[in-house]
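# Residue-level structure breakdown
The chain contents come next:
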Amino acid sequence: MKLVLTEFVSLDGVSQGPGSPTEDTSDGFTRGGWLVPYLDDQFVRRTSDWLDLADGILFGRRTYEAFARDWPQITDPNDPYTARMNSLPKYVVTNTLTEGSWHPTTVLRGDAVQTVGDLKTQPGRELQIHGSARLGNALLAAGLVDTLRLVVAPTVVGSGRRLIEHPGEAVGLRLVEQQVTPSGLVVLEYEAVGAAPVAAYEGVAAFV
């Protein structure tokens, strides 16, 4: 399977609590819900199309517990995500849980890079990470992430956990798709291409 990291992020790089003020209040965060004012039909269609490609969803423990608490409570038959989120195979990387409450769930114990690397060898289309930024960062630095999908909201949150804030290897990315929704969300899709290149600026002539 291809490993795909999907994240919602503000202009100042915050990824914590995009969907609700109570979604993730860890570390005293009080500014959740910053993505919701910008949701529109184009965003829903695009993210629903992404979910169509998933043969499994991968989580860290914190995000898994939040999703396992909230998603089974959504019963609106017109919600475009609910049936798939609740029925797709879930995998949670944790050494503290022994089983999952959101079925079907498989607990992946041990080293995250090793266990996810083994899971990627299974047949399938996409194994998608939704949220779980710490896990996503570790797997991106380890070279396991194939595709990075970002939805950038036109807001500066001002505090909260950043998407990429932990030390890791430099990663090169190639932009393969971009669009802007009517509400101003910027939707970006990148492919990982190995180590990030570096160079010294030697004047405009070197690039023309």
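Residues numbered from 1 in each chain as written. Predicted model: local features only at pLDDT ≥ 70, side-chain atom pairs only at ≥ 80, totals over all residues. Heavy atoms only, no water.

The subject of this paragraph is the overall build of the protein. Counting its regular elements, the protein contains five helices and eight strands. Along the protein, helices (α) and strands (β) appear in the sequence β-α-β-α-α-β-β-α-β-α-β-β-β when read from the amino end. Computed over its C-alpha atoms, the radius of gyration of the protein comes to 18 Å, within 12% of the 17 Å expected for a compact globule of 208 residues. Contacts spanning at least 24 positions in sequence make up 71% of the contacts within the protein whose residues lie at least 6 apart. In the protein, 17 side chains carry a positive charge and 25 a negative one; their mean positions are 2 Å apart. (Helix = DSSP H or I, 4+ residues; strand = E, 2+ residues; numbered from the N terminus. Rg over C-alpha atoms; globule rule 2.2 N^0.38 Å. Contact = heavy atoms within 4.5 Å. Lys, Arg positive; Asp, Glu negative; His and termini not counted. Charge placed at Lys NZ, Arg CZ, Asp CG, Glu CD.)

On to the side chain of Thr82, then. Along the chain, the position of Thr82 falls in helix α3 (residues 82–87). For Thr82, a relative accessible area of 7% corresponds to the buried category. Discounting chain neighbours no more than four positions away, the residues touching Thr82 are Trp71 and Ile74. (Buried < 20%, exposed > 50% of the residue type's maximum accessible area, 1.4 Å probe, protein only.)

Before going further, it helps to examine the nonpolar core. Membership of the largest hydrophobic core comes to 26 residues, with the highest contact counts inside it found for Trp34, Leu35, Tyr64, Met85, Trp102 and Val151. Listed by contribution, the elements that provide at least two residues to this core are α1 (41–52), β2 (54–60), α2 (61–70) and β6 (147–153). With near-sequence residues (within four places) excluded, Trp34 lies in contact with Phe8, Val9, Ser10, Val14, Ser15, Gln16, Gly17, Pro18, Phe29, Ala153, Thr155 and Val157. One finds Leu127, Leu139, Val152 and Leu163 within the second-largest nonpolar core, a separate group that totals 23 residues. (Core = buried A, V, L, I, M, F, W, Y, C linked by side-chain atoms within 4.5 Å.)

The next subject is the environment of Glu191. Tracing the backbone through its elements, the reader meets Glu191 in strand β8 (residues 186–195). Residue class for Glu191 comes out partly exposed when judged on its relative accessible area of 32%. In this structure the C-alpha to C-alpha distance between Glu191 and Gly172, which are 19 residues apart in sequence, comes to 8.5 Å. Leaving out residues up to four positions away in the same chain, Glu191 has contacts with Asp146, Gly172, Leu173, Arg174 and Val176. Of the polar contacts made by the side chain of Glu191, one reaches the side chain of Arg174; its length is 2.7 Å. (Polar contact = N/O pair within 3.5 Å; in protein donor to acceptor, adjacent residues only side chain to side chain.)

What follows is about α2. Turning to α2, its buried residues number three or more, namely Thr63, Tyr64, Ala66, Phe67 and Ala68. Packed against the buried residues of α2 are β2, α3, β3 (90–93), β4 (105–108) and β5 (126–130).

Summed over the entire model, instances satisfying the criterion amount to twelve salt bridges. Of the charged contacts in the structure, one is a salt bridge between Arg161 and Asp24, with a shortest N-O distance of 2.6 Å. Residue Arg161 is located in the loop between β6 and β7 (171–180), and its partner Asp24 is located in the loop between β1 (2–10) and α1; the two are separated by 137 residues in the primary sequence. Considered together, Arg161 and Asp24 belong to a single accessibility category, that of buried residues. Here the residues in one salt-bridge network are Asp24, Asp27 and Arg161, joined through shared partners. (Salt bridge = Lys/Arg side-chain N within 4 Å of Asp/Glu carboxyl O.)

A probe matching the size of a water molecule, rolled over the atoms, marks out where space remains unfilled. Quantified by volume, the largest pocket comes out at close to 1200 Å³. Considering the residues around the largest pocket, the lining is formed by 40 residues, among which Phe8, Pro18, Glu23, Phe67 and Trp71 are closest to the centre. In terms of residues, the lining of the largest pocket owes the most to one element, α2, which gives seven residues. Broken down by class, the residue content of the lining of the largest pocket amounts to 17 nonpolar, 13 polar and ten charged. (1 Å grid on protein atoms, 1.4 Å probe; cavity = no way out; pocket = protein on both sides within 12 Å on 5 of 7 lines; lining within 4 Å. Points joined across faces, edges and corners; volume = space filled by probe spheres on them. Nonpolar A, V, L, I, M, F, W, Y, C, P; charged D, E, K, R; others polar.)

Together, Tyr201, Val204, Phe207 and Val208 make up a nonpolar patch on the protein surface, roughly 540 Å² of accessible area in all. With respect to the element layout, Val208 can be found in the segment after β8. On the basis of relative accessible area, Val208 is assigned to the exposed category, the value being 81%. (Patch = residues over 30% accessible without salt bridge, like charges linked within 9 Å, V, L, I, M, F, W, Y side chains within 5 Å. Areas by Shrake-Rupley, 256 points an atom, 1.4 Å probe, with all protein chains shown as cover.)

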